[in-house]
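Chain and residue survey
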Amino acid sequence: MRWLITLILLSCVSCMTGCSAYAVHHDLTNEVSIQQQDDLKPIVNKLLGTDLEKDMASSVFVSKRILDYTIHDDIQILKNEEDTYFIVTYDVLPASLEFIIAGGGERTEDGWIKNCRRYVTLQLVNGEYRIKSMSSGP
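Residues numbered from 1 in each chain as written. Predicted model: local features only at pLDDT ≥ 70, side-chain atom pairs only at ≥ 80, totals over all residues. Heavy atoms only, no water.

1. Notes on the overall build of the protein chain
- Tallying secondary structure elements over the protein chain gives 2 helices and 6 strands in all.
- Each helix and strand of the protein chain, ordered N terminal to C terminal, gives the series α-α-β-β-β-β-β-β.
- Considering the protein chain as a whole, with its 138 residues, one finds that 26% of them fall into the buried category.
- Intrachain contacts of the protein chain at a sequence separation of at least 6 include 48% that bridge at least 24 residues.
- Approximately 9600 Å² of the protein chain is accessible, and the part contributed by carbon and sulfur atoms is 56%. (Helix = DSSP H or I, 4+ residues; strand = E, 2+ residues; numbered from the N terminus. Buried < 20%, exposed > 50% of the residue type's maximum accessible area, 1.4 Å probe, protein only. Contact = heavy atoms within 4.5 Å. Areas by Shrake-Rupley, 256 points an atom, 1.4 Å probe, with all protein chains shown as cover.)

2. Focus on the layout of surface pockets
- Empty space within the largest pocket amounts to approximately 230 Å³.
- Lining the largest pocket are 13 residues, with Asp55, Phe99, Ile100, Ala102 and Arg118 positioned closest to its centre.
- Residue assignment for the lining of the largest pocket shows that the elements contributing at least two residues are strand E3 (84-94) and strand E5 (113-125).
- Broken down by class, the residue content of the lining of the largest pocket amounts to 9 nonpolar, 1 polar and 3 charged. (1 Å grid on protein atoms, 1.4 Å probe; cavity = no way out; pocket = protein on both sides within 12 Å on 5 of 7 lines; lining within 4 Å. Points joined across faces, edges and corners; volume = space filled by probe spheres on them. Nonpolar A, V, L, I, M, F, W, Y, C, P; charged D, E, K, R; others polar.)

3. Here's the deal with the pattern of salt bridges
- Applying the stated criterion to the full structure yields 2 salt bridges.
- A salt bridge links Arg118 to Asp51; the nearest nitrogen and oxygen atoms lie 3.1 Å apart. One end of the pair, Arg118, is in strand E5; the other, Asp51, is in helix H2 (residues 41-54), with 67 residues separating them in the sequence.
- By relative accessible area, which is 19% here, Arg118 ends up buried.
- For the salt bridge of Lys132 with Asp83, the shortest nitrogen-to-oxygen distance reads 3.1 Å. Of this pair, Lys132 sits in strand E6 (residues 128-135) while Asp83 sits in the loop between strand E2 (76-79) and E3; the two residues are 49 residues apart in sequence, bridging distant segments of the chain. (Salt bridge = Lys/Arg side-chain N within 4 Å of Asp/Glu carboxyl O.)

4. Overview of the environment of Val120
- Position of Val120 among the secondary structure elements: in strand E5.
- In sequence terms Val120 and Val88 are 32 residues apart; their C-alpha atoms lie 7.5 Å from each other.
- Those residues in contact with Val120, other than ones at most four positions away along the chain, are Val44, Thr84, Tyr85, Phe86, Val88, Ile131, Ser133 and Met134.

5. Here we look at the packing of aromatic side chains
- Enumeration over the complete set of coordinates arrives at 1 aromatic pair.
- The interplanar angle of 75 degrees and the centroid separation of 6.3 Å between the aromatic rings of Tyr85 and Tyr119 together place this pair among those described as edge-to-face. With a gap of 34 residues between them, Tyr85 in strand E3 and Tyr119 in strand E5 connect regions that are remote in the sequence.
- The class of Tyr119 is buried, set by a relative accessible area of 12%. (Phe/Tyr/Trp six-rings, centres within 6.5 Å; stacked < 30°, edge-to-face > 60°.)

6. Quick notes on the nonpolar core
- Leu52 and Val92 are the most contacted members of the largest nonpolar core, which has 18 residues in total.
- Going through the elements one at a time, H2, strand E1 (66-71), E3 and E5 are the ones with two or more residues in this core. (Core = buried A, V, L, I, M, F, W, Y, C linked by side-chain atoms within 4.5 Å.)

7. Quick notes on the pairing of E2
- Summarising the sheet, E2 and E3 pair through 4 bridges and their orientation is antiparallel. Across the sheet, the residue bridging to Gln76 is Ile87, located in E3.
- Turn length for the E2-E3 hairpin, with the two strands adjacent in sequence and antiparallel, is 4 residues. (Pairing = 2+ DSSP bridges.)

8. A word on the environment of Thr84
- Here Thr84 shows up in strand E3.
- With a relative accessible area of 15%, Thr84 lands in the buried category.
- Along the primary structure Thr84 and Val120 are separated by 36 residues, whereas in three dimensions their C-alpha atoms are 8.3 Å apart.

Below you can see the structure in the form of structure tokens.
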């Protein structure tokens, strides 16, 4: 009887070791997919630039209009269970002092608002990436 209990315990330990090895392997797979997402950073940069260019149109209310923008190259990636967020830092030159600062940022003496942030998620539609969501936080 004692040998049966020992055998069961050894089987359980063996199973737990195998499950643990699978979990580590699974985590490494996620890291690879995050690395692959680095290839999407230029696409995020381009899509955000297209969106910011829309804010330069004369038809946009002056409190939301910008005259110029600069997107920083250091895009970060935040991944949770639901989505992968690309954290983009950028600067904007607003058209007026009435400009509403969204996404953080600091107004400087030269009129620019520096270090604004947007959390961008992408979706693939008909083989082409588009912005799924954009917000000031995850």
